[in-house]
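Residue-level listing of the chains:
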Amino acid sequence: MPDPFCSASTWERMDAQWPSHEQRTLTCTCVRAETHDVRTFVFSIRDGQLLSFEPGQFITVSVEIDGKEVSRCYTISSPPTRPYTLSITVKRTPGGVMSNWLHENMRAGVELKAFGPSGVFTPSSGPAAKSLYLSAGSGVTPLMSMTRAALDLGLNRDIVFIHSARTPVDIIFRNELASMCALSDKLRVVYVCEAPGSEPGWSGPVGRLGMDLLMEHVPDYRDREVFICGPGGYMDASRKMLVEGGHDPARYHQESFNFAQTVECTEEPVAYPGAEPAGQAGYTVQLARSGRSFSMDGSQTVLVAARKAGVPMPSSCSQGMCGTCKTKVLEGTVDMKHNGGIRPREIDKGMRLMCCSRPTSNLVLDL
Ligand SMILES: Cc1cc2nc3c(=O)[nH]c(=O)nc-3n(C[C@H](O)[C@H](O)[C@H](O)COP(=O)(O)OP(=O)(O)OC[C@H]3O[C@@H](n4cnc5c(N)ncnc54)[C@H](O)[C@@H]3O)c2cc1C
């Protein structure tokens with residue numbers, strides 16, 4: 001029998017679909033302090049609509065700050081098993097525009113806009129009976145959604161969750177994870193702190209995640225599907241450690257919160273093998289729903305050309321990873337070079353990522 005936790009269809013509620021290209025209004029219902037610099041913002045959708053998504057997916061939040069529209073991705077930290085509200089858990093980034101705005105302005109009743117759930121860092125990307133969740137800092141959020149969903153389904157899944165934090169006071173969801181462990185004898189949570197900080201009685205591991213600690217707490221790590229999210233250096237070191245320890249890289253899944261700088265509309269057309277020289281082949285791109293259209297050549301991505309033409313198109317990473325710009329191509333063909341932000345079954349259904357697709361004919365898009 002297929003494992004419901006690892007099946008995308010478990011989370012697909014037809015009455016609660018929110019396509020990733022559709023922007024909706026979220027209303028904040030409450031704000032919770034998780035640590036000194038992390039808050040959870042709970043939202044509902046207008047008219048009490050329900051929400052369906054896969055645990056581990058993110059939304060793209062847009063806010064007007066100082067007269068400019070700013071968009072950032074935030075993982076849905078709440079589980080899809082609680083479809084009446086949706087939460088994001090945000091760590092303040094020093095000097096950061098959106099995270100500080102949210103901390104300072106979000107309170108019950110405040111609205112913001114968001115594009116629907118997206119992303120492939122979900123249990124269905126690596127079905128397995130036993131999991132190892134590794135996170136550091138705010139990277140805990142997708143794994144928290146997965147853990148909450150696993151418990152809500154009542155499956156008593158075998159999960160080892162190792163979370164790294166600077167000090168004990170920086171551990172996000174500490175009390176809730178402890179309560180969840182009390183509810184499931186197969187969920188084990190280990191915190192690793194770089195330093196005891198202001199909690200001198202800290203009795204957990206101090207330092208960084210290393211092979212000794214892994215062997216002590218998860219001697220069977222090679223048998224587990226690994227899901228990891230955290231800063232780049234932490235993920236690189238963990239991946240190297242796992243590979244050197246004999247873990248199968250095909251069973252390793254990671255989510256990065258740091259997209260490299262996004263492509264700006266001033267970008268020069270890139271030389272692209274097989275593409276028509278810039279300015280020669282003129283293709284027309286029509287947006288079926290909005291009725292808008294623009295012209296472009298085959299050297300640019302559809303996203304870059306849309307921005308140049310002043311046509312709004314949802315996007316975030318611009319590197320074929322996040323899936324925010326996933327769009328159905330109703331007519332025409334494109335050449336897409338993605339980086340994992342779209343699934344084969346979505347490609348089969350005619351979806352493409354506009355940030356990494358270049359037209360090879362005129363296009364009609366479902367936008
Ligand atoms: C898929 C995904 C999921 C995510 N989920 C979460 C989550 O669950 N929780 C969470 O907290 N975050 C999450 N993030 C990260 C989040 O999207 C933001 O990147 C983060 O909140 C910082 O945004 P910001 O606007 O506050 O910072 P930004 O304004 O983007 O600034 C980031 C850094 O760059 C510096 N900076 C900004 N502008 C300049 C400049 N001109 N010159 C030099 N330095 C500059 C800032 O000082 C800061 O240190 C996620 C990201 C992705 C891609």
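Everything numeric in this text was worked out from a predicted model, so none of it was measured.

Rules of the game
- Residues numbered from 1 in each chain as written.
- Predicted model: local features only at pLDDT ≥ 70, side-chain atom pairs only at ≥ 80, totals over all residues.
- Heavy atoms only, no water.
- Helix = DSSP H or I, 4+ residues; strand = E, 2+ residues; numbered from the N terminus.
- Rg over C-alpha atoms; globule rule 2.2 N^0.38 Å.
- Buried < 20%, exposed > 50% of the residue type's maximum accessible area, 1.4 Å probe, protein only.
- Contact = heavy atoms within 4.5 Å.
- Areas by Shrake-Rupley, 256 points an atom, 1.4 Å probe, with all protein chains shown as cover.
- Lys, Arg positive; Asp, Glu negative; His and termini not counted.
- Charge placed at Lys NZ, Arg CZ, Asp CG, Glu CD.
- Near = heavy atom within 4 Å.
- Polar contact = N/O pair within 3.5 Å; in protein donor to acceptor, adjacent residues only side chain to side chain.
- Disulfide = S-S within 2.5 Å.
- Right-handed = clockwise from strand over helix to strand, strands pointing away.
- Pairing = 2+ DSSP bridges.

Next up on the list: the overall build of the chain. If you tally the helices and strands in the chain, you get seven helices and 18 strands. For the chain, the C-alpha radius of gyration of 21 Å lies close to 21 Å, the compact-globule estimate for 367 residues. Each principal axis of the C-alpha distribution contributes one length, and for the chain these read about 70 × 50 × 45 Å. Buried residues in the chain amount to 51% of all 367 residues. For the chain, the proportion of contacts with a sequence separation of at least 24, taken over those separated by at least 6, is 69%. In the form shown here, the chain has an accessible surface area of approximately 16,400 Å², with 50% of it arising from carbon and sulfur atoms. Counting 37 positive and 39 negative side-chain charges, the chain places the averaged centre of each group 1 Å from the other.

As a rule of thumb, non-glycine residues mostly have phi less than zero, and peptide bonds are mostly trans rather than cis. Phi is positive for Asp 66, which is not a glycine, with a value near 50°. When you line up the elements, Asp 66 lands in the loop between strand 3 (58-65) and strand 4 (68-75). Positive phi, close to 65°, is recorded for Phe 173, a residue that is not glycine. Along the chain, the position of Phe 173 falls in the loop between strand 8 (158-165) and helix 3 (174-183).

Taken together, 21 residues form the shell around the ligand, and within it Arg 72, Cys 73, Tyr 74, Met 98 and Ser 99 come nearest. The contact in question runs from an oxygen atom of the ligand to an N or O atom on the backbone of Lys 91, over 2.9 Å. With respect to the ligand, the backbone of Pro 94 contributes an N or O atom lying 3.2 Å from an oxygen atom. Starting from 980 Å² of accessible surface for the ligand in isolation, the protein chains cover 65%.

Here we take up the state of the cysteines. A complete count under the given rule lists zero disulfides for this structure. Left without a disulfide partner, Cys 30 is nearest to the cysteine sulfur of Cys 28, which lies 6.7 Å away. Overall, the relative accessible area of 29% leaves Cys 30 in the partly exposed class.

Turning to the pairing of strand 8, a few remarks are in order. Among the eight residues that make up strand 8, seven are buried, leaving the element largely enclosed by the rest of the structure. Crossover connection from strand 7 (residues 130-136) via helix 2 (residues 140-152) to parallel strand 8: handedness right-handed. Note: strand 8 against strand 9 (residues 187-193), seven bridges, orientation parallel. Counted as the bridge partner of Ala 165 is Cys 193 from strand 9. Crossover handedness for the path strand 8 to helix 3 to strand 9: right-handed.

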